[in-house]
Amino acid sequence: MTIRDAVPSDAADLLVIHNEAVRDTTAIWDESEVDLADRSAWLEGRLSAGFPVLVAEVEGVVAGYASYGPWRPKSGYRHTVENSLYVRSTHQGRGLASVLIDALIVRAREAQLHRMVAMIESTNTLSIELHARRGFRTVGELTQVGQKFGRWLDLTIMQLDLD
Ligand SMILES: CC(C)(COP(=O)(O)OP(=O)(O)OC[C@H]1O[C@@H](n2cnc3c(N)ncnc32)[C@H](O)[C@@H]1OP(=O)(O)O)[C@@H](O)C(=O)NCCC(=O)NCCS
């Protein structure tokens, strides 16, 4: 496995990973798959703003990615970022997410950010525990603030103190 910074041509692989999470999981609270233009614009936006998009490449395939971006748009929130972390179902359980999140936290510290926030659907215990093992603590839960697959979704809010 290689961890590297994403380049614009990775957008097609990011599209596959994103749409799989839309179709099959409650990690993305959206019912509509997106197209390549959407993911290209997202990637370009992140890179041009100086935010990292790290990909895990396995035998030439981008099998997962981790990124962070602004938590909220107003300037007062600029020292806080929100992360995202996704691994293709075919490549889960091999440690990719662990390596990606560790590398992402290193980048955030190098960028001298203050807080990293993770917003996780509350039944996603694997992700909550993965974050907790890196020092994220649960600071709250919003109940029934979303809906997907015919059920209400709760949102667990975690934060990591970076400095
Ligand atoms: C959550 C997700 C990113 C995990 O990716 P992954 O590559 O399969 O995870 P890893 O193999 O790196 O395992 C992560 C941790 O869980 C542990 N783990 C993995 N599978 C496990 C299992 N079945 N039971 C218990 N622990 C498990 C690993 O040992 C690892 O532990 P560590 O934190 O001590 O390193 C992946 O399942 C995914 O993309 N899911 C859909 C999208 C999603 O939920 N994203 C997160 C949104 S916040």
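Residues numbered from 1 in each chain as written. Predicted model: local features only at pLDDT ≥ 70, side-chain atom pairs only at ≥ 80, totals over all residues. Heavy atoms only, no water.

Under an unreviewed UniProt entry, the name given to the protein chain is GNAT family N-acetyltransferase, and the source organism is Aeromicrobium wangtongii.

Chemist: Just checking my understanding: could you explain the site of the ligand for this structure?
Modeler: Within the structure, the ligand sits among 18 residues, and G93, G95, S98, N124 and R134 are positioned closest to it. Contact distances for the ligand include 2.7 Å between an oxygen atom and a backbone N or O atom of G93. One of the backbone nitrogen or oxygen atoms of G95 is found 2.8 Å away from an oxygen atom of the ligand. Relative to its unbound accessible surface of 940 Å², the ligand loses 68% to contact with the protein. Those elements that provide at least two residues to the shell around the ligand are β4 (80-87), α3 (96-110) and α4 (125-132). Taken together, the residues of the shell around the ligand break down into nine nonpolar, six polar and three charged. (Near = heavy atom within 4 Å. Polar contact = N/O pair within 3.5 Å; in protein donor to acceptor, adjacent residues only side chain to side chain. Areas by Shrake-Rupley, 256 points an atom, 1.4 Å probe, with all protein chains shown as cover. Helix = DSSP H or I, 4+ residues; strand = E, 2+ residues; numbered from the N terminus. Nonpolar A, V, L, I, M, F, W, Y, C, P; charged D, E, K, R; others polar.)

Chemist: How should I be thinking about the sheet that holds β4 in this particular structure?
Modeler: Here we have seven strands laid out as an open sheet, ordered β1-β2-β3-β4-β5-β7-β6, and mixed in their pairing. Two strands close off the open sheet at either side, each with one partner strand: β1 (2-5) and β6 (137-148). Geometrically, the sheet is characterised by an average inter-axis angle of 25° between neighbouring strands, direction not taken into account. Packed onto the sheet, helix α1 (residues 11-24) meets β2 (53-58), β3 (61-70), β4 and β6 and runs at close to 80° relative to β3. Helix-sheet contacts for α3 involve β1, β2, β3, β4, β5 (115-121) and β7 (151-161), and the interaxial angle to β3 is about 35°. (Pairing = 2+ DSSP bridges. Axes fitted to C-alpha atoms, helices over the stretch in contact; angles between N-to-C directions. Contact = heavy atoms within 4.5 Å.)

Chemist: When you look at the packing of aromatic side chains in this model, what are you seeing that I'm missing?
Modeler: The relation between two aromatic rings is expressed through the spacing of the ring centres and the mutual angle of the planes. As enumerated under the stated definition, the model contains four aromatic pairs in all. Consider the rings of Y65 and Y86, whose centres lie 5.5 Å apart with planes at 40°: the pair is tilted. Separated by 21 residues along the polypeptide, Y65 in strand β3 and Y86 in strand β4 bring together distant segments of the chain. Overall, Y65 belongs to the buried group, its relative accessible area being 2%. The class for Y86 is buried, based on a relative accessible area of 17%. A connected cluster of aromatic rings, assembled from ring pairs, spans W42, Y65 and Y86. Note that R72 overlies the ring of W71, its terminal NZ or CZ placed 5.6 Å from the centroid. (Phe/Tyr/Trp six-rings, centres within 6.5 Å; stacked < 30°, edge-to-face > 60°. Buried < 20%, exposed > 50% of the residue type's maximum accessible area, 1.4 Å probe, protein only. Lys NZ or Arg CZ within 6 Å of the ring centre and 35° of its normal.)

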